[in-house]
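Descriptive structure summary
Next come the chains, spelled out residue by residue.
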Amino acid sequence: MYWNANIECMAVDDLKKLQYRSFKNLINNLYSFNKFYHDRMKGAGVHPDDLRSLADVQKLPFMYKEDLRENYPTKLFNVPNTEIVRFHASSGTSGKPTVVGYTQNDLAYWTEALARSLTSIGIGSNDILQVSYGYGLFTGGLGLHYGAEKVGASVVPTSNGNTERQLELMQDLGVTAIACTPSYLMHMSYTAEKMGIDFRRDTCLKKAVLGAEPWTESMRAKIESAMGIKAYDIYGTSEQAGPMFSECEERNGIHIGADIMYVEIVDSDTGEILEDGERGEMVVTMLKKEALPLVRFRIKDITSLMKDECPCGRTSPRISRITGRADDMLIIRGINVFPSQIEYTLMRIPQIGDQYMIEVSREGALDNMKIQVEIKPEFFSDKVEDMVKLRAHIESELKKYLNLAVPVELKAPGALPRFEGKAKRVIDKRVM
Ligand SMILES: [Zn+2]
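What you are looking at is a predicted structure, and each value in this text was computed from that prediction instead of being measured.

Calculation notes
Along each chain, numbering runs from 1 in the same order as the chain's sequence is written. With the structure being a predicted model, the display of local features is reserved for residues of pLDDT at least 70 and the display and counting of side-chain atom pairs for 80 or more, all residues being used for whole-chain, interface and lining totals. In computing side-chain values, all of the structure's heavy atoms are included and hydrogens and water are not. Only DSSP runs of H or I reaching four residues or more are called helices, and only runs of E reaching two or more are called strands; each is numbered from the N terminus. Here the radius of gyration uses the C-alpha set of atoms, whereas the globule reference equals 2.2 Å times the residue count to the power 0.38. Whether two residues are in contact is decided by their heavy atoms, any of which lying within 4.5 Å being enough. Computed with the Shrake-Rupley method and a 1.4 Å probe, the accessible areas treat only the protein chains shown as cover for residues. Under the convention used here, Asp and Glu are negative, Lys and Arg are positive, and both His and the chain ends fall outside the count. A charged residue contributes its charge at one atom only: NZ of Lys, CZ of Arg, CG of Asp or CD of Glu. Throughout the structure description, domain borders are defined by an automatic or database domain assignment. The term buried area refers to how much accessible surface (probe radius 1.4 Å) is lost by two components on association, counted for both of them together. When a carboxyl oxygen of Asp or Glu is within 4 Å of a side-chain nitrogen of Lys or Arg, the pair counts as a salt bridge. Polar contact is the term for a pair of N or O atoms within 3.5 Å; when the atoms are in protein, one must be able to donate a hydrogen and the other to accept it, and sequence-neighboring residues count only if both atoms are side-chain atoms. Partly exposed describes any residue whose relative accessible area lies between the buried limit of under 20% and the exposed limit of over 50%, with all areas from a 1.4 Å probe on protein chains only and scaled to the type maximum. Each residue after the first adds 1.5 Å to the expected span of a helix. Coordinating N, O and S atoms are those within 2.8 Å of the metal (3.2 Å for Na, K and Ca), and as water is not part of the atoms, a site may appear to have fewer donors than expected. Between 85 and 135 degrees for all angles marks four donors as tetrahedral; over 155 degrees for opposite donors together with 65 to 115 for all other angles marks four donors as square planar and six as octahedral; every other arrangement is irregular. Paired rings are identified among Phe, Tyr and Trp, the last through its six-membered ring, by centres lying within 6.5 Å, and are further divided according to the angle between planes into stacked (under 30 degrees), edge-to-face (over 60) and tilted (the rest). Charges are assigned to positions over rings by a cutoff of 6 Å between ring centre and Lys NZ or Arg CZ, combined with an angular limit of 35 degrees from the ring normal. What counts as an axis is a line fitted to C-alpha atoms, over the stretch in contact for a helix, and the angles between N-to-C directions run from 0 to 180 degrees. An angle counts as roughly parallel when it lies under 35 degrees, as roughly antiparallel when it exceeds 145, as roughly perpendicular when it falls between 65 and 115, and as oblique in every other case. Here a crossing is taken to be left-handed if its near helix is turned anticlockwise relative to the far helix by less than a right angle, and right-handed if that turn runs clockwise. Following the grouping adopted for this structure description, the nonpolar residues are Ala, Val, Leu, Ile, Met, Phe, Trp, Tyr, Cys and Pro, the charged ones are Asp, Glu, Lys and Arg, and the polar ones are all others, Gly among them. In this analysis, strands are considered paired if DSSP registers two or more bridges between them. What makes a nonpolar core is a set of buried Ala, Val, Leu, Ile, Met, Phe, Trp, Tyr and Cys residues whose side-chain atoms join them at distances within 4.5 Å.

Below, the discussion takes up the overall build of the protein chain. Across its full length, the protein chain carries 12 helices and 20 strands. Taken against the 2.2 N^0.38 rule, which gives 22 Å for 432 residues, the C-alpha radius of gyration of the protein chain at 22 Å falls within 12% of a compact globule. In the protein chain, the proportion of contacts linking residues at least 24 apart, taken out of those at least 6 apart, comes to 66%. Summing over all exposed atoms, the protein chain offers an accessible surface of approximately 19,300 Å²; the carbon and sulfur share of this is 50%. Across the protein chain, the mean location of the 54 positive side-chain charges is 1 Å away from that of the 59 negative side-chain charges.

What follows is the structure, given as structure tokens:
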């Protein structure tokens, strides 16, 4: 099932022509009417006439998150205030948040992207979708809400929090699908267990649409076996609009709406474009955005463009699972470590529950990492000997996979903090 087969299954050459035309229009418009882009392009010695093919896009300068912060809140907007119909803002973990504005058309394209994604997952008018993403300045709640209504699903707009009530509603209304962060679904699963709710027996839940934080294949396996559902990855940051693009039923890479977003993968250090299949930093150009245009925006997520065709019949490009953000990479005693690698290793060890915490600190010139993991109730024991053995096993698995000796501390079930929105799993105590 396709939502918009014309675009989703368009011949690749035609898609590229379409992208080039959109690019041309976008750059002509920005060069003529937007001071920021005009100055940037002048500074780089590029004129819109230099864009003679899609490959020429790499002549254009990059744009960074810092550009949005420096122009806080709305200096980069490209339309008059009268055309803005909504604002969202990122949480701003470091410094000022970034504010994103939307015109009517921006919202329409966002919803269109989500309608395609939900249809590709098989969510439609027969479904009851519980949206447990936060509603408000965060884009997850309202984004999924309108996308789901567009495909005719019945939306249960619970937002996040009040988990026991959410579980009751899920049962009472016969919810068939849920959209939230993977860590919140883990939290729900944990709460359900305490309430004696068995997802297979007591609910109609079949599918979960999960995103807004990086997660791994082993986390997916854990969620699916605990809850008896299928979990799908959805992607999009607030700068792009919000969650937009997802896996199809094949669950092998995220389909990108090529008419909406142009993706390049570059080497994080040199900015050079990498071949399809090579992992690097994603750079995006939003081809349709009106309020807050983004041209060659360094999104910092690490992924690759997939080479092979998807058996679902969609020709739209796919990106592989995001393994982390260039910003998240930790360098511990000279070794590069992504938190997602740690999660991947931990989640494959059956005795470990779904909560863990990574702590990074500095002693003298040396960076240290310590990991706390929660043990599942059935494996938690008062016998010191058993726990010492288990700890040694976890440490040796981490050593094998990360090539780094990391001390592990075992925690009792329920001892680590839970997160109802985005999980914070890394505590960095180093003073920079
Ligand atoms: Zn597909």
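Next, the rest of the story.
According to the domain assignment, the protein chain contains domain 1 (1–322) and domain 2 (329–428). Relative placement of domain 1 and domain 2: their C-alpha centres are 30 Å apart. Listed as interface residues are 19 residues of domain 1 and, on the opposing side, 20 residues of domain 2. Carbon and sulfur atoms supply 55% of the area that domain 1 and domain 2 bury against each other, a total of about 1,600 Å² over both sides. Three residues, Tyr190, Ser218 and Lys222, lead the burial of domain 1 against domain 2; their summed loss comes to 31% of the area buried on that side. The interface formed by domain 1 and domain 2 holds zero salt bridges in total. Joining domain 1 to domain 2, the criterion identifies three residue pairs in polar contact (both at pLDDT 80 or more). Listing elements by their share of the side of domain 1 that touches domain 2, those giving two or more residues are helix H8 (182–195) and helix H10 (217–227).

The next thing to look at is the pattern of salt bridges. Scanning the entire structure with this criterion turns up 23 salt bridges. Across the salt bridge formed by Lys429 and Glu359, the nearest N and O atoms sit 3.4 Å from each other. Highlighted residues: Lys429 in the segment after strand S20 (426–428) and Glu359 in strand S17 (residues 352–363), separated in sequence by 70 residues. Looking at Glu359, the relative accessible area reads 18%, which means it is buried.

This brings us to H8. The α-helix advances 3.6 residues per turn, and as a result positions three or four apart in sequence lie on the same side. The end-to-end C-alpha distance of H8 is 20 Å, a good match for the 20 Å that 14 residues give at a rise of 1.5 Å each. By the criterion of burial, H8 is predominantly enclosed, with 10 of the 14 residues buried. Of all the residues in H8, the buried ones are Pro182, Ser183, Tyr184, Leu185, Met186, His187, Met188, Ser189, Thr191 and Ala192. Taken from the residues just after H8, Gly196 is the one with a positive phi, measuring 75°.

Attention now moves to the side chain of Glu213. With respect to the secondary-structure elements, Glu213 resides in the loop between strand S6 (207–210) and H10. Buried and without a salt bridge, Glu213 has Arg425 as its closest oppositely charged side chain, separated by 5.1 Å. At 2.7 Å, the side chain of Glu213 and the side chain of Ser183 are in polar contact.

Looking now at the coordination of the zinc ion. Protein coordination at the zinc ion: the donors are Cys248 (SG), His255 (NE2), Cys310 (SG) and Cys312 (SG), at 2.1 to 2.3 Å from the metal. What the four donor atoms of the zinc ion show is an angle range of 106 to 116° at the metal, which sorts the shape as tetrahedral.

We now examine the packing of aromatic side chains. Following the criterion strictly, the structure yields seven aromatic pairs and no others. Measuring from ring centre to ring centre gives 5.2 Å for Tyr102 and Trp110, while their planes differ by 20°; the resulting arrangement is stacked. Exposure class is identical for Tyr102 and Trp110. Each is buried. In this structure, Arg298 is placed above the aromatic ring of Phe62, and the distance from its NZ or CZ to the ring centre is 4.6 Å.

The next point concerns the packing of helix H11 (residues 339–347) against helix H12 (residues 384–402). When two helices pack together, you describe them by how their axes are tilted relative to each other and by the distance separating the axes. Where H11 meets H12, the closest approach of the two axes is 10 Å, and the angle between their N-to-C directions is 135°. One finds that H11 runs oblique with respect to H12. With respect to the hand of their crossing, H11 and H12 are arranged in right-handed fashion. Taken together, the residues of H12 that come into contact with H11 (itself represented by Gln341, Ile342, Tyr344, Thr345 and Leu346) are Ile394, Glu397, Leu398, Tyr401 and Leu402. Of the residues in the contact of H11 with H12, the class split is seven nonpolar, two polar and one charged.

This part takes up the environment of Ser316. One can find Ser316 in the loop between strand S12 (297–303) and strand S13 (318–319). Owing to a relative accessible area of 9%, Ser316 belongs among the buried residues under this scheme. Setting aside residues no more than four positions away along its own chain, Ser316 makes contact with Glu8, Leu15, His255 and Ile256. A distance of 3.2 Å separates a polar atom in the side chain of Ser316 from a polar atom in the side chain of His255.

So, on to the pairing of S6. If a strand is regular, its side chains alternate between the two faces of the sheet. Covered by surrounding structure in S6 are Lys207 and Val209 together with Ala208 and Leu210, the residues of both alternating faces. Across four bridges, the pairing between strand S5 (residues 177–180) and S6 is parallel. If you follow Ile178 over to S6, its bridge partner there is Ala208. Sheet topology note: the S6/strand S7 (residues 230–235) ladder contains four bridges and is parallel. Counterpart to Val209 in the pairing with S7 is Tyr232.

By size, the foremost hydrophobic cluster in this structure holds 68 residues, and its most contacted members are Phe23, Leu60, Met282 and Ile319. The element that contributes the greatest number of residues to this core is helix H5 (residues 104–121), accounting for seven residues. Counting 46 residues, the second largest nonpolar core, distinct from the first, contains Leu330, Met369, Ile394 and Val408.

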